[in-house]
Amino acid sequence: MNKIAVIGAGSVYTPELVTEFFKDGGKLVPFDEMALMDIDRGRLAAVGGLTQRMARRQGVRGEISLTTSLTEAIRGAKFVIVQIRVGGNRARALDETIPYRYGVIGQETTGPGGMFKALRTIPAVVEIAKTVKRVAPRAWILNFTNPSGLVTEAVLKAVPGVKMLGICSAQLGREWWVARALGVKRERIKVRSAGLNHLAWVYRVSVDGRDVTDRLFNLPDRRLKHLGWPVDLMRSIRMVPIGYLWYYYYSDKMLPHSRPGHNRAKRVMEIERILMKRYADPALDEPPKELSLRGGSGYSLAMSTVMNALTGRKPCTIPMNVQNRGAVEGFARDQVLEIDSTLRPAGVTPVAIPLRDLPPHLLGLTHQVKAYETLTAEAAMTGCYHTALEAMITHPLVPNATVGQRILDEMLKAHRKYLPKFR
Ligand code: G6P
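Residues numbered from 1 in each chain as written. Predicted model: local features only at pLDDT ≥ 70, side-chain atom pairs only at ≥ 80, totals over all residues. Heavy atoms only, no water.

S.K.: Explain the site of the ligand to me, please; I cannot follow it from the model alone.
M.R.: In the vicinity of the ligand, 15 residues are found, and the nearest of them are Arg92, Arg264, Arg294, Gly295 and Gly296. At 3.0 Å, a side-chain N or O of tyrosine 13 approaches an oxygen atom of the ligand. Separating an oxygen atom of the ligand from a side-chain N or O atom of arginine 92 is a distance of 2.8 Å. In the complex, the protein chains occlude 89% of the 390 Å² of accessible area that the ligand would expose alone. A class-by-class count of the residues in the shell around the ligand yields six nonpolar, five polar and four charged. (Near = heavy atom within 4 Å. Polar contact = N/O pair within 3.5 Å; in protein donor to acceptor, adjacent residues only side chain to side chain. Areas by Shrake-Rupley, 256 points an atom, 1.4 Å probe, with all protein chains shown as cover. Nonpolar A, V, L, I, M, F, W, Y, C, P; charged D, E, K, R; others polar.)

Shown next, in the form of structure tokens:
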């Protein structure tokens, strides 16, 4: 019996998540049952209803069941996909707008906003992981819940013995970006990247097995620009950062995106209103075009690639959020990094990276943000104010302890309802 559980299936992302699973009548990633679980009955009915219609339309043989019971969803599952949002988008709006008032980036996955998303999320995902350990101990937990790497680190420490991977689609196009700049076919390109979730860089590029990293950064400006970053920045760090690094390198330019009335959370809430109306239409049996207004594209591809590797259909090596286990010297074995990892039925192995391969710029920023993440993971489980303050003032986007403490205090108050450990 191949059962997949989706926790937080009332998310508007779900119709995208299942696209690869439903292709060719469900032959690409075979399953007997997909249990869609959510605590919100209304959302589950609307999103689940559309998902069932999509499956019918595509002749999918596996059953799509709906439930509000976590245990029922997880029992018998081989894979448990977690995509929850504790506090919903209202909480996200606070994550984005409170730091902004102090001149600090407000973002749902990084900086103080990401920290509070983690503090709210970790205890909930730990409960899910404990349920998996109890009722489906051999299942893989595939975590999409942001901040994906941080949440994965906290859960693996809190619930030893569970199998969990932190997944993200942000690096999916990495070979394409580079192929376009170099003007060679994507199939000839191999890249190596390292860092953390939403803080990663491509640091090595090869074509047909030959290292062309120097050639890449010596390309004329007009070609290098294809990579989407100012050329002087790339030539200085000699790496290609993923998009989320804009919040670090150009926080000045990114700051206005968090201003009240213009922040992403507000836009997302508007898009969700449109989407939920569309999903409730009984005549709709495919993802509506408005879904492309949300992020999360590529989740289905990322998830199906991971499952097909773990079941042995197509083992692969791709960037994953996994425990370091000695792959990169200087990080603890149980700290989670986003690094190339080999996925096979026997398990997941991070590919070791010799320290000399990693530029100091990457190591410096990764160490600092990792320290913030590890402290946040600890604070989420203990509810310790001082650990939370230490985490906040360790984050490179927080300018000083005065501002850090003010943001912390205001956010602890604003999110009180979802932070029982801090009461
Ligand atoms: C991308 C990122 C995800 C993030 C999403 C946000 O897909 O890889 O980690 O959750 O964007 O999209 P949203 O529509 O919620 O702003």
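S.K.: I would appreciate a short explanation of helix α16 (residues 360–382) in the present structure.
M.R.: Because each turn of an α-helix spans 3.6 residues, side chains separated by three or four positions end up pointing in the same direction. Counted at 1.5 Å a residue, the expected span for α16 with its 23 residues is 33 Å, and the 33 Å between its end C-alpha atoms agrees. In the stretch just after α16, glycine 383 is the one whose phi turns positive, near 70 degrees. (Helix = DSSP H or I, 4+ residues; strand = E, 2+ residues; numbered from the N terminus. Expected span 1.5 Å × (residues − 1).)

S.K.: Explanation requested: empty space enclosed by the protein in the structure shown.
M.R.: A probe as big as a water molecule, rolled over the atoms, marks out the empty space that is left. Evaluation of the coordinates by the stated rule reveals two cavities of 30 Å³ or more. Considering every element that reaches the lining of the largest cavity, the biggest residue donor is α16, with three residues. When grouped by side-chain class, the residues that make up the lining of the largest cavity number seven nonpolar, five polar and one charged. Counted as a void, the second largest cavity has a volume near 50 Å³. Lining of the second largest cavity is provided by Ala194, Gly195, Val328, Phe331, Leu337, Ile339, Leu358, Leu362, Leu363 and Thr366. Of all elements in the fold, only β7 (189–196), β12 (336–344) and α16 reach the threshold of two or more residues within the lining of the second largest cavity. With three residues, α16 is the single largest residue contributor to the lining of the second largest cavity. Partitioning the lining of the second largest cavity into residue classes produces eight nonpolar, two polar and no charged. (1 Å grid on protein atoms, 1.4 Å probe; cavity = no way out; pocket = protein on both sides within 12 Å on 5 of 7 lines; lining within 4 Å. Points joined across faces, edges and corners; volume = space filled by probe spheres on them.)

S.K.: Sorry if this is basic, but what is going on with the pairing of β12 here?
M.R.: Within a regular beta strand, the side chains point alternately toward one face of the sheet and then the other, so they alternate between its two faces. Counting buried residues in β12 gives eight out of nine residues, a clear majority hidden from the surface. Direction of pairing for β12 relative to strand β13 (residues 347–350): antiparallel, over a ladder of four bridges. For serine 341, the partnering residue across the bridge sits in β13 and is proline 350. The loop that links β12 with its antiparallel partner β13 comprises two residues. (Buried < 20%, exposed > 50% of the residue type's maximum accessible area, 1.4 Å probe, protein only. Pairing = 2+ DSSP bridges.)

S.K.: Can you walk me through the pattern of salt bridges in this structure?
M.R.: Pairing between side chains becomes possible if they bear opposite charge and their charged atoms approach one another. Per the stated rule, a full pass over the model turns up 27 salt bridges. Here aspartate 211 ties to arginine 204 by a salt bridge, and the two come within 3.4 Å at their closest N and O atoms. Judged by relative accessible area, aspartate 211 falls into the partly exposed class, the value being 49%. Under the relative-accessibility criterion, arginine 204 is labelled partly exposed at 28%. (Salt bridge = Lys/Arg side-chain N within 4 Å of Asp/Glu carboxyl O.)

S.K.: Quick question: what am I supposed to make of the side chain of threonine 131 here?
M.R.: Mapped onto the elements, threonine 131 comes out in helix α6 (residues 111–135). When its relative accessible area of 8% is taken as the criterion, threonine 131 is described as buried. With residues near it in sequence (within four places) discarded, threonine 131 still touches Leu70, Thr71, Ile74 and Ala136. (Contact = heavy atoms within 4.5 Å.)

S.K.: Just checking my understanding: could you explain the layout of surface pockets for this structure?
M.R.: Taken as a whole, the second largest pocket encloses approximately 850 Å³ of empty space. When its residues are assigned to classes, the lining of the second largest pocket shows 14 nonpolar, six polar and nine charged.

S.K.: Just checking my understanding: could you explain the packing of helix α7 (residues 148–158) against α16 for this structure?
M.R.: Each pair of packed helices gets described by two things: the angle between the helix axes and the distance between those axes. Between α7 and α16, the least distance of the axes is 9 Å, while the angle of their chain directions is 50 degrees. Classified by the angle between their axes, α7 and α16 sit oblique to one another. In this structure, α7 meets α16 at a crossing whose hand is right-handed. For the pair α7 and α16, contact is made by Gly149, Leu150, Glu153, Ala154, Lys157 and Ala158 and by Lys370, Tyr372, Glu373, Thr374, Thr376, Ala377 and Met381, respectively. Here the residues of the contact of α7 with α16 are counted per class, giving six nonpolar, three polar and four charged. (Axes fitted to C-alpha atoms, helices over the stretch in contact; angles between N-to-C directions. Parallel < 35°, antiparallel > 145°, perpendicular 65-115°, else oblique. Left-handed = near helix turned anticlockwise from the far one by under 90°.)

S.K.: What exactly am I supposed to notice about unusual backbone geometry here?
M.R.: If a residue is not glycine, its phi is most likely negative; likewise, a peptide bond is most likely trans. With omega at -10 degrees, the peptide bond leading from asparagine 146 into proline 147 counts as cis. Note on placement: proline 147 falls in the loop between β5 (140–143) and α7. In this model, histidine 198 sits at a positive phi of 60 degrees, which is unusual for a non-glycine residue. Among the secondary structure elements, histidine 198 is positioned in the loop between β7 and β8 (199–207). According to the relative accessible area criterion, histidine 198 is buried, its value standing at 6%. The backbone phi angle of arginine 325 is positive, close to 45 degrees, even though this residue is not glycine. Secondary-structure assignment places arginine 325 in the loop between β11 (316–323) and β12. Judged by its relative accessible area of 39%, arginine 325 falls in the partly exposed class.

Any functional reading would require information that these geometric values do not contain.
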